[in-house]
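Examining the three-dimensional arrangement
Read off the chains here:
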Amino acid sequence: GYLDARMPVDARTHQPFGILHGGASVVLAESLGSTASFMLLDDPARQRAVGLEINANHLRSVREGWVYG
């Protein structure tokens, strides 16, 4: 399976210094991972796909545009 998404980098996802908040990108990653896993379940009525742990490193800051996952 395959799933992708994009998230805007703007006032809604900025930290106080005007760059993308690291937590916002982690939310995107966790949401995509859980949703994609759910889509692959054999019996969604009896099974659940949830994140257990997440860790992220950011290579550079972003002030505007889109981030993709």
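Everything here concerns the structure above.
The structure reproduced in this document is the subject of the present report. (Residues numbered from 1 in each chain as written. Predicted model: local features only at pLDDT ≥ 70, side-chain atom pairs only at ≥ 80, totals over all residues. Heavy atoms only, no water.)

Observations concerning the overall build of the chain
Worth spelling out the cut-off: A run of DSSP states H or I qualifies as a helix once it reaches four residues; a run of E qualifies as a strand once it reaches two. Both are numbered from the N-terminal end. The atom set for the radius of gyration is the C-alpha atoms, and the globule formula is 2.2 Å times the number of residues raised to the power 0.38. Under the scheme applied here, a residue whose accessible area is under 20% of the maximum for its type counts as buried, over 50% as exposed, and between as partly exposed, the area being computed with a 1.4 Å probe on protein chains only. In this description, contact between two residues means that some pair of their heavy atoms is separated by no more than 4.5 Å.
Each helix and strand counted, the chain has one helix and two strands in total. Going from N to C terminus, the chain has its helices and strands arranged as β-α-β. Here the C-alpha atoms of the chain give a radius of gyration of 14 Å, more than 25% beyond the 11 Å that 2.2 N^0.38 yields for 69 residues. The dimensions of the chain, computed from C-alpha atoms along their principal axes, are 45 × 20 × 20 Å. Counting over 69 residues, the chain shows a buried share of 20%. Across the chain, every contact between residues at least 6 apart in sequence was considered, and the portion connecting residues at least 24 apart equals 64%.

Focus on helix α1 (residues 22-39)
As a reminder of what qualifies: Expected span, for any helix, means 1.5 Å times one less than how many residues it has.
With 18 residues, α1 extends 26 Å from end C-alpha to end C-alpha; this agrees with the ideal 26 Å at 1.5 Å per step. Three or more residues of α1 are buried, namely A24, S25, L28, L32 and S34. Considering only its buried residues, α1 is in contact with β1 (6-9) and β2 (65-68).

Some points on the pattern of salt bridges
Put simply, the test is: Criterion for a salt bridge: a side-chain nitrogen of Lys or Arg within 4 Å of a carboxyl oxygen of Asp or Glu.
Per the stated rule, a full pass over the model turns up one salt bridge. One salt bridge connects D10 with R12, and the closest N-O pair in it is separated by 2.7 Å. Its relative accessible area of 23% is what places D10 among the partly exposed residues. Here R12 falls in the exposed class, since its relative accessible area comes to 66%.

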